[in-house]
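# Structural characterization, general
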Amino acid sequence: MKKLNQWIDRFAYSHPRFGIPNLMLYIVIANAVTYALTVFAGSSALSFLEFDLYHLLHGEVWRLVTFVLLPFTYRPFTLFILLSFYYFVGGTLEREWGTAKFTLYYLSGMLLSVLGTVIFSLVTGYDGWSLSSAYYINLTLFLAFAALYPDAQIMFYMVIPLKAKWLAWADVALFGWEIVKDLRIGWYAGALAAVVAILNFVIFFWEDIKNLLGIQSRQRSRQAIQFKSAVRQQKRAEAERGYRHRCEVCGRTDADHPELEFRYCSKCQGYHCFCSDHIFDHQHFTK
């Protein structure tokens, strides 16, 4: 698992242009559009976007990706709140990881969901098990966010302030409840979709999960532990102020202007960050 983590990081670093910028924005818009269509035509009218093995074997290959475009709830207020929230979470993850790794995370969740459904269909001999939304994939987006920013404050339903780590435990409990519920009613494909979505999260956060469970290598040095602690403190500070880099000259941040590049000046005394417009055009700081 550790080697897989390292491969993911190397691939994302070596292929920075891989992926779809603002991927979560497109998914959110698609969910809103398909929901609007169901209001007029009914949910069954969009069944051609769902994934199942039967239709895949009959040449409807678009179903491999279109199932994530379907709304995961048909309650308009809940859908609006969750889509807004997932757009915020997805955008934050993309800024933290970069487009390549975030796209890998989402595509990996889709791939595992499809493979799980295909394998389960072949094992049971029934090719009608289907995927009708990215409900569980989206839930793991928040698990990833909480793993990176455990102390970030989230306004639950825009009213109640809660820390991300407490909502993450509620997210895990929701996964457990959904799995048990699906097993009780015989919807095994739904339970499997939840399990493989969690598996995707585990793959990307295996080292963090090991630390949480106390499964640490004896060879880990004290310096490595201190470095991890410093990184977590830096991420908490970034979450509180809402940005990572801020230009010392113009005050613009990477959160407000993601198109800009930010660098630290090696000629200034201390750590001073500047945007691409001022990195070569500023008065150097001296102590």
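Every value quoted in this text rests on a predicted model; they were computed, and no experiment measured them.

From N to C terminus, the protein includes 11 helices and six strands. Counting the 287 residues in the protein, one finds 43% classified as buried. Within the protein, contacts between residues at least 6 apart in sequence are counted, and of these 62% link residues at least 24 apart. Accessible surface, the protein as shown: approximately 17100 Å² in total, 61% of it carbon and sulfur.

Turning to helix α8 (residues 164-185), a few remarks are in order. With 22 residues, α8 extends 31 Å between its outermost C-alpha atoms, agreeing within 8% with the 32 Å of an ideal straight helix rising 1.5 Å per residue. When α8 is considered as a whole, its buried residues turn out to be Ala-164, Leu-167, Ala-168, Asp-171, Phe-175, Glu-178, Ile-179 and Asp-182. Taken down its axis, α8 places every buried residue within 130° of arc, on the same side. Residues of α8 that are exposed and point more than 90 degrees away from the buried face comprise Trp-166, Trp-169, Trp-177 and Arg-184. Positive phi appears at Gly-186, one or two residues downstream of α8, with a value of about 85°.

Moving on, we come to the packing of aromatic side chains. What describes a pair of aromatic rings is the distance from one ring centre to the other and the angle between the planes of the rings. Across all of its chains, the model carries 21 aromatic pairs by this definition. Taking the centre distance of 5.8 Å and the plane angle of 75° together, the rings of Phe-72 and Tyr-86 count as edge-to-face. Here Phe-72, found in the loop between α4 (63-66) and α5 (76-97), pairs with Tyr-86, found in helix α5; they are 14 residues apart in sequence, far enough to count as distant. Exposure class is identical for Phe-72 and Tyr-86. Each is buried. For the ring pair Phe-142 and Phe-145, a centre distance of 6.1 Å and an interplane angle of 25° mean the geometry is stacked. On the criterion of helical spacing, the pair formed by Phe-142 and Phe-145 is a turn pair, its members being three residues apart in helix α7 (residues 135-148). Pair check on accessibility: Phe-142 and Phe-145 agree, each one buried. The rings of Phe-72, Phe-85, Tyr-86, Phe-88, Phe-142, Phe-145 and Tyr-149 are connected pair by pair, giving a single aromatic cluster.

Parameters and conventions
Residues numbered from 1 in each chain as written. Predicted model: local features only at pLDDT ≥ 70, side-chain atom pairs only at ≥ 80, totals over all residues. Heavy atoms only, no water. Helix = DSSP H or I, 4+ residues; strand = E, 2+ residues; numbered from the N terminus. Buried < 20%, exposed > 50% of the residue type's maximum accessible area, 1.4 Å probe, protein only. Contact = heavy atoms within 4.5 Å. Areas by Shrake-Rupley, 256 points an atom, 1.4 Å probe, with all protein chains shown as cover. Expected span 1.5 Å × (residues − 1). Arc of directions from axis to C-beta. Phe/Tyr/Trp six-rings, centres within 6.5 Å; stacked < 30°, edge-to-face > 60°.

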